[in-house]
Amino acid sequence: MVYMRKTLSVFFLIIIFLLFVPYDGQSDGSPRLFIYDPTSPWQNMVSLRDQFEGFLMLRIPDVIVQPYSDFEKFVQDVHRQKPDLIIIFSFHYFYLMKEINLKPLSIATKNGKPFKSCAIVTNSRGESIASYRDGYIAMLNFGKLTSHFLSVLFFTPNGLKDESFSIIKTSKDIDSLFALSEGQVDLALATMDQFRHISKYSPWVVEGMRVISSVEVPNIILCQTLPNRNSTSLNVLIKAIKNMGANGSEILNRFGYDGWGTVDNGVFDIYTNTKNEGIP
Amino acid sequence: MKTFLAIFIVLLAFNSCWFAHANMIDKQVLFLFTQKNMEQAKYKQISNELLKSSFSSKLSLVPMTGNLSNLDPDLQKLKWVTPNNVSAVIALGEVPLIIAQLAFEKLSIPIIFTLVYDPHAAHDNVCGIRLLPTEDTQLNYLKLLLPDAKRLGVIYSDVTAELVEKISNSIEDLNKKSGSKINLISEKVSTTEEVWPAWYRLSQNIDVLWMIPDLYLYQSFPILQKDSINKKIPLFAPTTSEKIAQMGAAFALSPDYMTIGSQLIAYVESLIRDSKKRKNLDCIATPIGTSLIVNKKTLNDLNIEIPKNAQQIISKDIPTAPDIRDIRYDATEQTIKGLMFTEAVFQIEESFYVVTASRKREHVQHAPAIMTVIYRNDLQFQQARTLTQILNTVPGFNAVIDHLGDDIFEIRGTRAFNKFLVMIDSHKLNNQIFGGLRYVLDSIPLSLIERIEIIRGPGSAMYGANAFIGVINIITRNPPEKHRLEAEGGVGSFESYQLGLFHSSNFDNWRGLFSGIYRSTEGDELKVNSDAEGLSGSTKDDRNTVGLFGKIDYNSKNRNNIKVSGFYSDSQRDPYIGQAFVLNDRTTRNYQSYYIDVEGNFALNKHNLMLRGYIDQFFYDADWQLEPEGWPVEDFIKGQLAEDEAKDIKTGLEAQFNYMANDELNFLFGGEFYYTALYDSESKDNFTPSAIPNPLFNFIDLYKTDDPWIEETDQLNYSGFGQLHYRPFYTGPNYFFDKFSLIAGLRFDYNDRYGDFWSPRAGIVLGPINNLFVKLLYGKAFRSPNFNEIKAKKQGDVVGNIDLSPEEIDTVEAELLFDKWKWLKPSFNFFYNRINDLIVPDPDRLTPPRRFLNLSGNVDRYGFVSEIRGNLPLNLSYYFNISYVNGDMLDLIPRWKSNFLFGIPFKDRFNLIYYLNYIGERKRAIDDYRGNIDSVLLQNLSFTADIIKDRLKLRIYIRNLFNKEYVSPDPSGLIFNDYPMTGRYIYGLIQLQTSFGSK
């Protein structure tokens, strides 16, 4: 009986220990690539993961690719699981690098350009953003940085405050533009690529819409988390991503790009007109 | 301490001020929701967004019970609210909106709702977001997906006429703007029955059917879905969830609930900034974001390719579609209005499927067998600790013990431990020495069970020998979490202990599972009035068992699967009454077994090939004390002793090919080959006369006998089986043919000792009226004698048919199952068995050496089982069954048996379960002087508490609550008061569980 009690006690202590030990994602040695790009026109995360992973598995059989649509979950997993590489939209990179040691490796390009255009469009008469004060604006969900993006790139330069607008977050640009066309919001923020895309295939939706403000923002960044833990497979992985062949170009096209370029020092200048204290 | 407190208060005050300043919100925002709804993903998504809002610190969460028939408790919760201190109320769902209106509408506090079906609820202070995106948005999506579709069909009723008008206006606008020439072709219906003819007319003239949320239309979805594929017309369904695409619709367009959450925040912020301003919220807003879900399989079947430019707007694609005939569509007006028209209408859960009845996946109601399926949730409900206790609640099953204390079952009037087949994931567990499982059942850890599929009736047409009166297939779990760990430990009466561990891990293609259990009990001190020697005393039902199960699963991307599994069981049984029916027996028996099984499932287009290879081993080791010290003569200082041991091994291969001729006709072919051998068999004792001349013989030490316990032997078995399953797809309104299916199967088994045996089966499933399933079945089964019975035959210990033929059973059975209401699900089944060559222990000599009786005549038995179960209001649930058997040779078998379980949950985390077990009177043989055994009513109670939700659980069981004295019958007549059973038994179990990592 005493023996049994002792066994039970030891057993439970072990179990309780096991239950409360936080899960360490690093126990799995597979190289990991995490992706967060809210500006990507491609919505289907599962299909994106399967295709990207299928492509990379030809080089590194146990690679894990994990795309995210939720920024907060992405940040949480980056902290907990420490992926080897991440692909992230430049604006989020700019804020995340204050918290995590990241080494930028490449920037995505389209037609050789490392920037894309983001524009605020409207279909009513107001000439400037200020004329829509107290109105609704629909834009992509950038997580905690949603209003910050507007503030840094559109409001502050125009002397406006965050509180001047009610932001409605959407998962894709087409929703923001549909909402504007139906009069549910006063303004919509969208990438110009998507605006052109919709103009081509559903011109009646964007009929009467015009751009009242636009900025050029850097594209997605491929970066490495430091310190690195998988030097051999990491180099193969980086090489595979940077030199995507015919199959790989299709994947990159899904993000809206066609190649990778070098990250120049001045590429983030557009974001530096505000104080970066990390993710708010 | 005071200093710390002061600093804390200052910090708190500062923090509050800062928040109030930062949010510019002084007043609170009430967030009303129904607790139960919060389990749904869409409610969670919306509330997650709200919790990220700038006013999250001012958000007061008010969970509601959501009981429409009694709103008082929910209204009471709002009594404490000071209206002046509330800036807005957010109501998530129908009932919270009603409550918000009752409590706040007259006080001019703005109420913002969402997830509410009826948009007319909005007026002065009440505004909200309606359920579906605008018709313009829906049309734009449709145009992007199917740019060439010019003729849009819609079926509607009076209730949805308004929607059709809106769609018509949208089409008109779009035609004007885009110059396209889209036509809306509509058909009006006023009953569900009118939908099929309306569809028939429409389908001649349309390119796509726009599934508006109409009750009649959704009720007819299964037949529309199937026929739409035949006619190559896609279904486009704007709805509230992706479920309709999971059911096979080509497209489902639902709101993006993250955006709805964001819209709510924007509207609340806007109201708070300027309470007089209601811009864009004068009445009803529409959801801005959308999620487009497509069913890839349906699109494939329809030969539709989505244009490249539209592929990027797809949020998710679903690769499969269920068999449309299995979809239940029992919606009511109320469910439609309650926003549930996709969630509640289409009940098709994975748990409705079984694999045992036809060796393929099929809906339980269509399975050609009388089945009971015990799901994982039921295990929690039954509060059983062992598999034997679970099986005891199955209608027609009754667990008793024999003189050795081993669990045996009385099933449909037949008492045996080896006349039913037990499998884990379709791997057969029955050993060859005894043919059954003797004590292995309780070493199977319950933590590994996903469900138990139990066939009451013959199963030889599918599984060959031993599937005589029943088949029990334990289907193991596949938890969805990346990693899951569960541990349990329990202590109870009679020095009982239990330790269990479960772990599973999921990687991309790999899955692993381990489950283990250790159980030990000294057993109750049970009083025996008079043993075979006429002595009185007591005995204990002492048991120790260990079970370990492991499984590794590999799933390739092309749906192939390879699984390696293994199970180890070690059971030790200390003395009970004993082999010689004498108390003071010191006999111990040890059963060990293990198996390793490799199974591969390969998808070949629509067809499937299964290959299996396995090795099973069973070790038997018994140390007998047949008579106590000093018996039968004083020379036996240690008693009359014997030792028996033997091992058996079984290696086999199995193959099965499932050929889907088309959606309606399925052929299954297969074969099995296995070799069994008994080896390392020996016997020792201190009393065999042949050893007496040995000068060293002393009646104390054990000497190896000339004959082994069982002569070493082997057997070769091979078999082939085939089955035809025809389940036509009927698209008309006649229920009779809607559920119709036909099955016919035949299995051939060859055993090199007994020759061949043919097991045919036939069955038909019908639906004479809506929601009623009728099964009419016939089957033949057999059981070959086991090594122990073969030994008896060789020793001349078989009476009746001394050649010992395999026993055979012919069964005719019928079942009626009515599945309409959640609160009452009745079923009734009837069986008639004719057993030929029945093998039973010879009642005239049950003492060693054991003799068997092989009856050459027929034994006829018949009976019925009636069952009802359901869920009542307040989450109460119940289960009641009653079984009856009559016919030949039913001595000591209860004619009646009944089980009743009633579950009372309270406060969402506590559960009280009352279990009543009635065993009817048992009649003895005419020449048995002891008189009949009275009926008994046992009452059991258990209590479960979720101490930490989904992490820590406490369970307390009290079995035989009123310490009722009852017995298992003794057929030998040597134990005057039969085998006494355990009295009141209290057991406490703590369960810890955690999961981590997302898949």
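Residues numbered from 1 in each chain as written. Chains lettered and ligands numbered in written order. Predicted model: local features only at pLDDT ≥ 70, side-chain atom pairs only at ≥ 80, totals over all residues. Heavy atoms only, no water.

## As for the overall build of chain B
- Along its length, chain B carries 19 helices and 55 strands.
- Here chain B, with 999 residues, has 58% of them falling under the buried criterion.
- Pairs at least 24 apart in sequence give 66% of the contacts found in chain B among residues at least 6 apart.
- Summed over all atoms, the accessible surface of chain B reaches about 40,000 Å², with 56% contributed by carbon and sulfur. (Helix = DSSP H or I, 4+ residues; strand = E, 2+ residues; numbered from the N terminus. Buried < 20%, exposed > 50% of the residue type's maximum accessible area, 1.4 Å probe, protein only. Contact = heavy atoms within 4.5 Å. Areas by Shrake-Rupley, 256 points an atom, 1.4 Å probe, with all protein chains shown as cover.)

## Considering the overall build of chain A
- Secondary structure assignment for chain A yields 10 helices and 11 strands.
- By sequence separation, contacts in chain A at least 24 residues apart represent 81% of the contacts at least 6 residues apart.

## Some words on the interface of chain B and chain A
- Taken together, the contact between chain B and chain A spans 62 residues of the former and 53 residues of the latter.
- Between chain B and chain A, roughly 4,900 Å² of surface is buried when both sides are summed, and carbon and sulfur atoms account for 57% of that area.
- If you sort the residues of chain B by the area they bury against chain A, Ile 288, Gln 312 and Tyr 497 of chain B come out on top, with a joint share of 14%.
- At the junction of chain B with chain A, the criterion picks out 3 salt bridges.
- Salt-bridge contacts for Glu 72 of chain A lead to Lys 52 of chain B; the nearest nitrogen and oxygen are separated by 3.6 Å.
- Our count for the chain B to chain A interface comes out at 17 residue pairs in polar contact (both at pLDDT 80 or more).
- Broken down by element, the residue count for the side of chain B that touches chain A peaks at 8 residues, all from helix 11 (residues 257–273) of chain B.
- A class-by-class count of the residues in the side of chain B that touches chain A yields 21 nonpolar, 24 polar and 17 charged. (Buried area = accessible area lost by both parts, 1.4 Å probe. Salt bridge = Lys/Arg side-chain N within 4 Å of Asp/Glu carboxyl O. Polar contact = N/O pair within 3.5 Å; in protein donor to acceptor, adjacent residues only side chain to side chain. Nonpolar A, V, L, I, M, F, W, Y, C, P; charged D, E, K, R; others polar.)

## Side note on the packing of helix 5 (residues 135–145) of chain B against helix 6 (residues 161–178) of chain B
All names here are of chain B.
- One way to put it is that helix 5 packs onto helix 6 with a least axis distance of 9 Å and a crossing angle of 60°. Between helix 5 and helix 6, the angle falls in the class oblique. The handedness of the crossing between helix 5 and helix 6 comes out as right-handed. For the pair helix 5 and helix 6, the contacting residues are Glu 135, Asp 136, Leu 139, Asn 140 and Lys 143 in the first and Leu 163, Lys 166, Ile 167, Ser 170, Ile 171 and Leu 174 in the second.
- Broken down by class, the residue content of the contact of helix 5 with helix 6 amounts to 5 nonpolar, 2 polar and 4 charged. (Axes fitted to C-alpha atoms, helices over the stretch in contact; angles between N-to-C directions. Parallel < 35°, antiparallel > 145°, perpendicular 65-115°, else oblique. Left-handed = near helix turned anticlockwise from the far one by under 90°.)

## Description of helix 2 (residues 41–51) of chain B
- Residues of helix 2 of chain B that are buried include every one of Lys 42, Tyr 43, Ile 46, Ser 47, Glu 49 and Leu 50 of chain B, and no others. The buried residues of helix 2 of chain B all sit within an arc of 155° when viewed along its axis, so they share a single face.
- Packing partners of the buried residues in helix 2 of chain B comprise strand 7 (166–170) of chain A together with strand 1 (28–34), strand 2 (59–64), strand 3 (86–92), strand 4 (111–114) and helix 11 of chain B. (Arc of directions from axis to C-beta.)

## Brief notes about a nonpolar patch on the surface
All names here are of chain B.
- Together, Phe 507, Trp 510, Ile 552, Ile 562, Val 564, Ile 596 and Val 598 line one region of the surface with nonpolar side chains, adding up to about 600 Å² of accessible area.
- Where the nonpolar patch is concerned, the elements lending two or more residues are strand 32 (561–573) and strand 33 (588–604).
- Mapped onto the fold, Val 564 is located in strand 32.
- With relative accessibility at 37%, the residue Val 564 sits in the partly exposed group. (Patch = residues over 30% accessible without salt bridge, like charges linked within 9 Å, V, L, I, M, F, W, Y side chains within 5 Å.)

## Description of the pattern of salt bridges
Residue and element names in this part refer to chain B.
- For the structure shown, the criterion picks out 59 salt bridges over all chains.
- One salt bridge in this structure joins Lys 540 and Glu 525, with 4.0 Å as the shortest N-O distance. Highlighted residues: Lys 540 in strand 30 (residues 537–540) and Glu 525 in strand 29 (residues 525–528), separated in sequence by 15 residues.
- Salt bridges sharing partners connect three or more residues here, namely Arg 359, Asp 425, Lys 563, Asp 597, Glu 599, Arg 612 and Glu 654.

## Some words on the environment of Pro 197 of chain B
Residues and elements named next belong to chain B.
- Positionally, Pro 197 belongs in helix 7 (residues 195–202).
- Assessed through its relative accessible area of 35%, Pro 197 is described here as partly exposed.
- Sequence separation between Pro 197 and Phe 900 is 703 residues, and the spatial gap between their C-alpha atoms is 46 Å.

## Quick notes on helix 2 (residues 45–57) of chain A
- An ideal rise of 1.5 Å per residue puts 18 Å on 13 residues; helix 2 of chain A measures up with 18 Å between its terminal C-alpha atoms.
- Those residues of helix 2 of chain A not exposed but buried are Ser 47, Leu 48, Phe 52, Glu 53, Phe 55 and Leu 56 of chain A. (Expected span 1.5 Å × (residues − 1).)

## Overview of the packing of helix 6 (residues 173–181) of chain A against helix 5 of chain B
- The geometry of helix 6 of chain A relative to helix 5 of chain B is characterised by a closest axis approach of 11 Å and an angle of 135° between their N-to-C directions. On the basis of their axis angle, the class for helix 6 of chain A and helix 5 of chain B is oblique. Of the two possible hands of crossing, helix 6 of chain A and helix 5 of chain B adopt the one that is right-handed. In contact with Ile 174, Asp 175 and Phe 178 of chain A of helix 6 of chain A, helix 5 of chain B contributes Thr 137, Asn 140, Tyr 141 and Leu 144 of chain B.
- Class assignment for the residues of the contact of helix 6 of chain A with helix 5 of chain B results in 4 nonpolar, 2 polar and 1 charged.

## Considering unusual backbone geometry
- Residue Leu 226 of chain A is joined to Pro 227 of chain A through a cis peptide bond whose omega torsion reads -5°.
- The residue Pro 227 of chain A is located in the loop between strand 10 (220–225) and helix 9 (231–242) in this model.
- At Asp 837 of chain B, a residue that is not glycine, the phi angle is positive and equals roughly 60°.
- Take Asp 837 of chain B: its relative accessible area is 10%, and that puts it in the buried class.
- In this structure, Asn 963 of chain B takes a positive phi of about 50° despite not being glycine.
- Tracing the backbone shows Asn 963 of chain B in the loop between strand 52 (952–959) and strand 53 (967–968).
- Looking at Asn 963 of chain B, the relative accessible area reads 41%, which means it is partly exposed.

## A short note on the sheet that holds strand 6 (residues 136–140) of chain A
Residues and elements named next belong to chain A.
- Strands sit in the order 7-6-8-5-9 across an open sheet of 5 strands; the sheet is mixed. Taken across any chain shown, the strands that pair with only one partner, and hence form the sheet edges, are strand 7 and strand 9 (210–218). Taking the axes of each pair of neighbouring strands and ignoring which way they run, one obtains an average angle of 20° across the sheet.
- Two elements, strand 6 and strand 8 (residues 187–191), share 2 bridges in a ladder whose sense is parallel. Within the sheet, the bridge partner assigned to Ile 137 lies in strand 8 and is Leu 187. (Pairing = 2+ DSSP bridges.)

## Concerning the packing of aromatic side chains
- Scanning the entire structure with this criterion turns up 53 aromatic pairs over all chains.
- Arranged with centres 4.9 Å apart and planes meeting at 90°, the rings of Phe 91 of chain A and Phe 149 of chain A form a pair that is edge-to-face. Separated by 58 residues along the polypeptide, Phe 91 of chain A in helix 4 (residues 90–96) and Phe 149 of chain A in helix 5 (residues 146–155) bring together distant segments of the chain.
- On the accessibility criterion, Phe 91 of chain A (0% relative accessible area) is buried.
- For Phe 149 of chain A, a relative accessible area of 0% gives the class buried.
- Centre to centre, the rings of Phe 434 of chain B and Trp 709 of chain B are 6.1 Å apart; their planes meet at 55°, and the pair counts as tilted. Taken as a pair, Phe 434 of chain B in the loop between strand 23 (427–428) and strand 24 (449–456) and Trp 709 of chain B in the loop between strand 37 (703–704) and strand 38 (713–726) lie far apart in primary sequence, 275 residues in all. Trp 709 of chain B shares its class with Phe 434 of chain B; the two are buried.
- An aromatic cluster of three or more residues is present, and its members are Phe 89, Phe 91, Tyr 93, Phe 94, Tyr 95, Phe 142, Phe 149, Phe 268 and Tyr 271 of chain A.
- Over the ring of Tyr 987 of chain B we find Arg 385 of chain B, and its NZ or CZ is 3.7 Å from the ring centre.
- Sitting above the plane of the Tyr 674 of chain B ring, Lys 650 of chain B keeps its charged end 4.7 Å from the centroid. (Phe/Tyr/Trp six-rings, centres within 6.5 Å; stacked < 30°, edge-to-face > 60°. Lys NZ or Arg CZ within 6 Å of the ring centre and 35° of its normal.)

## Some details on the sheet that holds strand 7 (residues 183–188) of chain B
Residues and elements named next belong to chain B.
- What the 7 strands build is an open sheet, ordered 7-6-8-9-10-12-13; its pairing is mixed. Among the strands making up the open sheet, the edge pair consists of strand 7 and strand 13 (314–318). Strand-to-strand twist across the sheet, computed as the mean angle between neighbouring axes with direction ignored, equals 25°.
- Looking at chain direction, strand 6 (residues 151–156) and strand 7 are connected through 6 bridges and run parallel. The residue of strand 7 that forms the bridge with Val 154 is Ser 186.

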